Amino acid sequence: GCGNGMLDAGEPCDAANLNDQTCASQGFAAGTLSCAPNCAFNYAQCSTCGNDAVNSGEQCDGTALGGQSCNSLGYGGGSLGCSSACTFDVSSCTPCGNGVVNGGEQCDGGDFAGKSCATYGYSVGSLGCDTSCAVVTSGCTNCGDGQIQAGEACDGGNLNGSSCSSIGFDGGGNLACNGNCTLNTAGCSSVSCGDGDVDAPEQCDGGNLAGQSCQTLGYAQGSLSCNNCSFNTAGCSLCGNGVVNGGEQCDGGNLNGYGCNSLGYTAGSLQCNGGCGFDVSACSTCGDGVVGPGEQCDNGDLAGQSCNSLGFVSGSLSCNSNCTFNAGGCSNCGNGIIDAGESCDGGDFGGYDCSSYGYSYGSLDCVGCTTYTYNCYYWGCDPYCF
């Protein structure tokens, strides 16, 4: 009977006698198989960790990360890995991009830790943050403090002694200063202005732009025009030059250190639209009950999926708190193929028969994808040996 160390009828194992079976031969990836007091296999120390499929109780398995990434776990970026214990390895994840200044970062998204252009010696402007969470001061300037600095022709009302006449306009007029501390000659006039020819000190004349355009003047796009023989750059834009300038949230692939996470979303990919503003259409918030970009499911919203649509035979699909599918309640038992955790499936016993369990003849039974030897017998003992 059960406990005598011998494989009697209906026993797959008995005490230490496992009939040469192991966790691996029973469909698991690793572990130590044992025999329960009722002479049934005890799989408690068997593990599916290592089979490259995320099973119940595992966060990941090998390269299978269950749809997760550093970003979905609240980091700003990096490469998510999986440990040998089938738990997430976040050692290569970085907080840069999560919108909060962490150790070793000068900034993160819109968080500059209380710093401003003034901190870096500038009078006005806006700081930027690059993708490595380092401060960018290209948006800062001393233009606007009323003092003529290097590279400035004027500053506010300070024209540095210049006038329309001193710079060559023979018709007089009122010289002004642009917001970028360059001279604005729109109020100056030339006797020859209007004849269609660009004569010094004219920049342009009517439709004659002297071969110049928004791009040649350092802008990214737009339409240059002529006003009173001076360039009118009101139709020009810096949007598209890859640098975040004043009034822009982003520019092309330059997101100024921001990501979906730093804008309050939990997952997704932040983009930049053609107007240099954030495009959050691919960002999503896990937990709002609506499946968004980067989510497989959200609470009870399974996006129309089920165990069957995911390739399982039966069971109940659910959603993890990180908006990835939890297939722990799904099963492949019944598909006729021996999967992890199964010793048989339908008529497939993995090549085993009664003799594999020490019997002389008979037929194996498969119940709940577990092998039973109810109908296996020994020669001379029909149907049972005592």
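The rules we used
Counting restarts for each chain: residues are numbered from 1 in the order of the written sequence. Whole-chain, interface and lining totals are the exception, using all residues; otherwise, since this is a predicted model, local features are given only for residues with pLDDT of at least 70 and side-chain atom pairs are given and counted only at 80 or more. In computing side-chain properties, one takes all heavy atoms of the structure into account and sets aside hydrogens as well as water. Whether two aromatic rings pair depends on their centres lying within 6.5 Å, for rings of Phe, Tyr and Trp, where Trp uses its six-membered ring; planes under 30 degrees apart make the pair stacked, over 60 edge-to-face, and the rest tilted. A run of DSSP states H or I qualifies as a helix once it reaches four residues; a run of E qualifies as a strand once it reaches two. Both are numbered from the N-terminal end. Relative accessibility decides the category of a residue: with a 1.4 Å probe and only protein chains considered, values under 20% of the type maximum give buried, values over 50% give exposed, and everything between is partly exposed. When charges are counted, Lys and Arg contribute as positive and Asp and Glu as negative, whereas His and the chain ends are disregarded. In the sections that follow, a salt bridge refers to a side-chain nitrogen of Lys or Arg positioned within 4 Å of a carboxyl oxygen of Asp or Glu. In the analysis that follows, any N or O atom pair within 3.5 Å is treated as a polar contact, provided that within protein one partner can donate a hydrogen and the other can accept it, and provided that, for residues neighboring in sequence, both atoms belong to side chains. Contacts: residue pairs with any heavy atoms within 4.5 Å of one another. Strands were regarded as paired on the criterion that DSSP finds at least two bridges between them. Cysteine sulfur atoms that come within 2.5 Å of each other are treated as a disulfide pair.

Engineer: Is there a simple way to explain the packing of aromatic side chains in this structure?
Structural biologist: The description of two aromatic rings rests on the distance between their centres and on the angle between their planes. By the definition in use, this model includes 6 aromatic pairs. Judged by centre distance (5.7 Å) and plane angle (45°), the ring pair of Y361 and Y377 falls under tilted. With a gap of 16 residues between them, Y361 in strand β27 (residues 361-367) and Y377 in strand β28 (residues 370-377) connect regions that are remote in the sequence. Between Y372 and Y374, the ring centres sit 5.0 Å apart and the planes meet at 10°, which makes this aromatic pair stacked. When its relative accessible area of 45% is taken as the criterion, Y374 is described as partly exposed. In this structure an aromatic cluster arises from ring pairing among F28, F41 and Y43.

Engineer: Just checking my understanding: could you explain the side chain of D61 for this structure?
Structural biologist: Relative to the elements of secondary structure, D61 occurs in the loop between β4 (46-47) and β5 (77-78). At 43 Å, K115 is the nearest oppositely charged side chain to D61, a buried residue that forms no salt bridge. Looking at D61, its side chain comes within polar contact range of the main-chain nitrogen of G50, at 2.9 Å. Polar side-chain contacts of D61 include one of 2.9 Å to the backbone nitrogen of D52. When near neighbours in sequence (up to four residues on either side) are disregarded, D61 contacts T48, C49, G50, N51, D52, A53, V54, C82 and C86.

Engineer: What should I look at first to understand the pairing of β27 in this one?
Structural biologist: A regular strand places its side chains on the two faces of the sheet in alternate fashion. Pairing geometry for β27 and β28, over 6 bridges, is antiparallel. The partner of S363 across the bridge, within β28, is N375. Adjacent in sequence and paired antiparallel, β27 and β28 are bridged by 2 residues, among which G368 carries a positive phi angle near 60°.

Engineer: When you look at the state of the cysteines in this model, what are you seeing that I'm missing?
Structural biologist: As used in these notes, a disulfide is a covalent bond between sulfur atoms, one from each of two cysteines. Counted by the stated rule, this structure contains 24 disulfides. For C239, the disulfide goes to C276, at an S-S distance of 1.9 Å. Looking down the S-S bond of the C239 and C276 bridge, the torsion is 105°, so its handedness is right-handed. Linking C239 in the loop between β18 (236-237) and β19 (267-268) with C276 in the loop between β20 (271-272) and β21 (278-279), this pair joins segments that are 37 residues apart in sequence. Here C239 falls in the buried class, since its relative accessible area comes to 8%. Residue C276 is classed as buried on the basis of its relative accessible area, which comes to 3%. Paired through a disulfide, C307 and C330 show a sulfur-sulfur distance of 2.0 Å.

Engineer: Got a minute to help me understand the environment of V90 in this structure?
Structural biologist: Inspection of the secondary structure puts V90 in the loop between β7 (88-89) and β8 (93-94). Separated by 231 residues in the primary sequence, V90 and S321 have C-alpha atoms spaced 18 Å apart. Those residues in contact with V90 that lie beyond four places of it in its chain are L73, Y75 and L80.

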